[in-house]
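# Observations on the three-dimensional arrangement
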Amino acid sequence: MQEPEKIYNTAVEATLEVIGGKWKPVILFHLTFGKRRNGELKRLMPAITQKVLTQQLGELVDDGIVFRISYNQVPPKVEYELTDYGWSLKEILHLMCRWGDTHIEKVYGDRGTVLFEPPQTNE
């Protein structure tokens, strides 16, 4: 049976359908710096519950945005990384981060703090 036509008022809705919510953009942002294990993501986002992290990662995998790499070893090792399709979101995610920095400065001034420090690159 053919799926019904999907109609959006704007393409922003289509984007948010995949990466919207409180945690997906944050997960994806962290993955723009390379592969991460579940525990690493949890440490980077201490307020997220394990249940929600697992659910959000599963949805991103199902949507083809993130690869789940499972290594056949003991103890089990699983890593997550962006697919090529997921990498196409890097620019928008980093722009969101820069906008957030500006917003924090505007609204909170010296009373706003961002804990995450991006890793230094050799660019």
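Just above sits the structure.
Analysis parameters
The residue numbering used here restarts from 1 in each chain and proceeds along that chain's sequence as written. Thresholds applied to this predicted model are a pLDDT of at least 70 for local features of residues and 80 or more for the giving and counting of side-chain atom pairs; totals over whole chains, interfaces and linings are not thresholded and use all residues. Side-chain numbers come from the whole structure's heavy atoms, not from hydrogens or water. Cavity: a set of points on a 1 Å grid over the protein atoms alone where a 1.4 Å probe fits but cannot get out. Pocket: an open set with protein on both sides within 12 Å along at least five of seven lines, its lining residues, like those of a cavity, having an atom within 4 Å of a point. Grid points are joined across faces, edges and corners, and a volume is the space filled by probe spheres set on the points. Per the convention used, a helix needs a DSSP run of H or I reaching at least four residues, while a strand needs a run of E reaching at least two, with both numbered from the N terminus. As a working rule, the residues Ala, Val, Leu, Ile, Met, Phe, Trp, Tyr, Cys and Pro are called nonpolar, Asp, Glu, Lys and Arg charged, and the rest polar, with Gly in that last group. Every residue pair with non-hydrogen atoms within 4.5 Å of one another is taken to be in contact. Two rings belonging to Phe, Tyr or Trp (six-membered ring only in the last case) form a pair when the distance between their centres is within 6.5 Å. Interplanar angles under 30 degrees mark stacking, angles over 60 mark edge-to-face geometry, and anything in between is tilted. Accessible area is worked out with a 1.4 Å probe on protein chains only. A residue is then buried under 20% of its type maximum, exposed over 50%, and partly exposed in between. In our convention, an over-ring charge means Lys NZ or Arg CZ found within 6 Å of a ring centre and within 35 degrees of that ring's normal. The working definition used for a salt bridge is a side-chain nitrogen of Lys or Arg within 4 Å of a carboxyl oxygen of Asp or Glu.

### Regarding the layout of surface pockets
One number sums up the size of the largest pocket: a volume of about 750 Å³. Contributing to the lining of the largest pocket are 24 residues, with Val-26, Phe-29, Cys-97, Val-114 and Phe-116 lying nearest its centre. The element contributing the most residues to the lining of the largest pocket is helix H6 (residues 90-108), with eight residues. Of the residues contributing to the lining of the largest pocket, the split by class is 17 nonpolar, four polar and three charged.

### A short note on the environment of Arg-68
On the secondary structure map, Arg-68 appears in strand E2 (residues 66-71). The spacing of Arg-68 and Leu-82 is 14 residues in sequence and 9.0 Å in space, taken between C-alpha atoms. Arg-68 has contacts with Val-61, Val-78, Glu-79 and Tyr-80, leaving out every residue within four places of it along the chain.

### Here's the deal with the packing of aromatic side chains
Tallying each qualifying case throughout the model produces three aromatic pairs. Relative to Phe-33, the ring of Phe-29 lies with its centre 5.2 Å away and its plane at 80 degrees, an arrangement referred to as edge-to-face. Using a relative accessible area of 11% as the deciding quantity, one classes Phe-29 as buried. Pairing Phe-29 with Phe-116 gives two aromatic rings, centres 5.5 Å apart and planes at 75 degrees, and the pair type is edge-to-face. Taken together, the positions of Phe-29 in helix H2 (residues 24-31) and Phe-116 in the segment after H6 put the pair 87 residues apart, joining distant regions of the chain. Grouping aromatic residues by their ring pairs yields a cluster made of Phe-29, Phe-33 and Phe-116. The aromatic ring of Tyr-71 is capped on one face by Lys-77, whose charged end is 4.9 Å from the ring centroid.

### Thoughts on the pattern of salt bridges
One pass over the full model with this rule turns up four salt bridges. One salt bridge connects Lys-24 with Glu-59, and the closest N-O pair in it is separated by 2.7 Å. Separated by 35 residues along the polypeptide, Lys-24 in helix H2 and Glu-59 in helix H4 (residues 50-62) bring together distant segments of the chain. A relative accessible area of 28% places Glu-59 in the partly exposed class. When salt bridges with common partners are traced through the structure, they connect Lys-35, Lys-77 and Glu-79 into a single cluster.

These values are about where atoms sit, not about what they do.
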